[in-house]
Structure formats: structure tokens, C-alpha cells
Amino acid sequence: MPEFAHLPAELRPIAGLDAATRIAHIRAERWIPYPTATRLLGILQEAFDQPPRERMENVLLLGESGMGKTMLIRKFERANATAFDIAAGVGRRPVVVVLMPPQPVEGEFFDRVLAAVDAPLAVHWASGRPARLRAAASQMLRELGTRVLVIDEINSVLAGTGRQQRLFLQLLRFLSNDLQLALVCVGVPEARHVLLSDSQLRSRFSDEELPRWAPGEELRAFITRLVWSLPLRERSPVDSPKLRSLLLERTGGITLAICKAFERAAVAAVRSGREKVDLESFADPEIWHGLTVQDRRLPHQPQQTRRVALPG
Ligand SMILES: Nc1ncnc2c1ncn2[C@@H]1O[C@H](COP(=O)(O)OP(=O)(O)OP(=O)(O)O)[C@@H](O)[C@H]1O
Ligand SMILES: [Mg+2]
């Protein structure tokens, strides 16, 4: 029997390392696959694989804050990244991810597109006015062979006036029709209403959701994988319906909070020498600080900064 046999083979050597290294490993970002995310990645891939045409199929991907939307689209971006084309002397960016500006304003939007594709500053300076920024950004996207433009935090549309919102929806139509790009718009569910209020856009977007976690096999498997990614020296008995319902009740089924609670429990387990996470670990109120449903329902939190700043 190898040492730390409860862990996957690649993690066993890490479990033997000192506390500081293991804590850094526990806190590092990692992708844990689960069926809903894999299905959504498949939908994004279909959008990517469609040939350029007048009528592109776009995707609207909605989910509560902290569900893992940004992680998911970064994974999709990495999966479709291509190496620098030395022969042609140009970079290719099949997938470009742009973060919406706080207000749905064309100039700022295209400025961000240019920044996202690392456009030389000269392009920004030469552009200046919104119409020229639009032309410069469109040209860059064509040259880079961009097939999917992902717009994260699309809910910023809600921060605009009625007129700004209408202009922004027009802009999305332009991107989809004229540039023949597939759009992937990502945001919180409140954005659905505005985006799909335009009948032309509605018929071009498939409406997808990253739902909150619910009891069941998928959550059970996710927790098992989550615990497998933690280099603890003892086996963690986490396959318990009681533990799952406690997690759901406290976190409201938000991925960020579930992951953070396990991360904190694992760090505490390393520090205390218990070396495992179990139901008892979650009795410590420190684990839940800022993560519970009540904490996330604080009044007067503006749209853009609803994510709670989490201490360590
Ligand atoms: N598949 C996953 N594997 C591991 N951790 C995940 C996964 N999905 C989400 N997380 C955790 O949830 C956190 C929040 O994810 P992310 O920032 O992608 O959420 P979001 O849906 O974009 O939220 P917001 O709407 O506030 O931008 C991540 O930092 C990570 O800790
Ligand atoms: Mg996000």
C-alpha cells in the first residue's frame, strides 16, 4: 500500500511536504470537472465549431454570483487557444474574453476589446472616438481569426439608461451579424430580461444556466473530487448526506462558498494536525465567515460588487 493511498497518485508526494507548501496548494485555483459544467462547455464548443454565417447561434450563460461562470469561460478559452503562427507571423485568438465596462457604453466596450486582444497602444491612441474604436476593434478581431467573443459580466447592461441599453443591444447585433462571430454573454440571471427583450437577439441566443447546487449524486461526486484535490494526510470522511445538507443550507448551493468552506477546513486541518476534513470541521464558525446565505444578502450592495470580499 503506497503512503497516502487515499489520495490520487499525483497528489501523494505533495502530502509529504511541509505545512506552508501544502496550504499554498490548498489555496491555489484549480478546475474540478462536474457534469453540468462539462455539458455547458460542450454547448460553448458547439458555438465555436459553427461555420461563420449571417445568422450565428449565440449563447447566453447565466448563473448566480460565485457559481463559477468566469472559471468556466476561462477553461473554454484555454481549450481553444492556439499557438503563435510563426509561418504567418501573426497571433491567433480564436476565443476572446472581454469584461464588460461598468456602464454599457460603446467606446469603453471596444476599448476593452482592444485591451483584451493586447492591441498595441498606438491602435488605442489612433482610434479615440467610438466609431473609430469600433472599426479598430473589428479589424483586430478579424485579423486574429476570432470565432467566439465572450462578454463576461453582461449584467452591466442593467446599469445603463434605457437608451444606453438599446444602443448596446444594437451593438451586440452588429457583432453577431456583421463580424459573424458567435457571442457568449455571461452574467447573473437578472440580465436575462434585458438581453432577451430584443426579439432579434432572443431568436439568436440559446439561454443556458449554471444552476445552484442541489442535493444529489452530482454534488456528492463534486465534493469527493474537491477533497481529492486537498493534500491532507488522513482520509476525509465527507460522503455523508448530513454534511451535504449542511453545506447546501449554509451556502445556498453557491460553488464559491462550498469551495471556500472546504479550503478553510483543509487549512485548519493542516494547522491543527487533524489532517482530515469531516462533519466536525464545519462546526467551527470561522469556516463560514462571509460565506453563508445571510452574509451574501447584505443590503445595499451594488450590482457590480455583489461578490463579498472574502478574508483569507
Ligand atoms: N469547477 C470548479 N472547480 C473548482 N472551483 C470552482 C469551480 N467553479 C467555481 N469554483 C470556485 O468558485 C469561485 C467563483 O467562481 P467564478 O469567479 O468563476 O464565479 P462567477 O460565476 O464568475 O461569479 P460572478 O458572477 O460574481 O463573477 C472560484 O474562485 C472557485 O473557487
Ligand atoms: Mg465572474
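This write-up is about the structure you can find in this document. The model shown is predicted, which means the values in this text are computed figures rather than measured ones.

One pass over the structure, following the stated rule, counts eight aromatic pairs. When the ring of F48 is compared with that of F76, the centres are 6.4 Å apart and the planes differ by 85°; the resulting orientation is edge-to-face. With a gap of 28 residues between them, F48 in helix α3 (residues 35-49) and F76 in helix α4 (residues 69-79) connect regions that are remote in the sequence. Residue classification places F48 among the buried residues on the basis of a relative accessible area of 9%. Through successive ring pairs, a cluster of aromatic residues spans Y34, W213 and F222.

Let us look at the side chain of N58. Among the secondary structure elements, N58 is positioned in strand β1 (residues 58-62). Polar contacts involving the side chain of N58 include one to the side chain of S176, which spans 3.3 Å. The residues touching N58, leaving out its near neighbours within four places in the chain, are S176, L181, A182, L183, R204, F205 and S206.

Here we take up the pattern of salt bridges. Going through the model one piece at a time under the given rule, you end up with 13 salt bridges. Between D239 and R244 there is a salt bridge, and its shortest N-O distance comes to 3.0 Å. Exposure remark for D239: the relative accessible area of 43% places this residue in the partly exposed category. Where R274 meets D278, a salt bridge forms, and the shortest distance between an N and an O atom there is 2.8 Å.

This paragraph deals with the packing of helix α5 (residues 106-116) against helix α8 (residues 162-177). Each pair of packed helices gets described by two things: the angle between the helix axes and the distance between those axes. Contact geometry for α5 and α8: axes closest at 11 Å, N-to-C directions at 40°. Classified by the angle between their axes, α5 and α8 sit oblique to one another. Contact residues: α5 offers E106, F109 and F110, while α8 offers F168, L171, F174 and L175. By residue class, the composition of the contact of α5 with α8 is six nonpolar, no polar and one charged.

Residue position: T146 is located in the loop between α7 (130-143) and β3 (148-152). A relative accessible area of 9% places T146 in the buried class. In this view, T146 contacts R93, P94, V96, L141 and L181; residues no more than four positions away in its chain are not counted.

Criteria and thresholds
Residues numbered from 1 in each chain as written. Chains lettered and ligands numbered in written order. Predicted model: local features only at pLDDT ≥ 70, side-chain atom pairs only at ≥ 80, totals over all residues. Heavy atoms only, no water. Phe/Tyr/Trp six-rings, centres within 6.5 Å; stacked < 30°, edge-to-face > 60°. Helix = DSSP H or I, 4+ residues; strand = E, 2+ residues; numbered from the N terminus. Buried < 20%, exposed > 50% of the residue type's maximum accessible area, 1.4 Å probe, protein only. Polar contact = N/O pair within 3.5 Å; in protein donor to acceptor, adjacent residues only side chain to side chain. Contact = heavy atoms within 4.5 Å. Salt bridge = Lys/Arg side-chain N within 4 Å of Asp/Glu carboxyl O. Axes fitted to C-alpha atoms, helices over the stretch in contact; angles between N-to-C directions. Parallel < 35°, antiparallel > 145°, perpendicular 65-115°, else oblique. Nonpolar A, V, L, I, M, F, W, Y, C, P; charged D, E, K, R; others polar.

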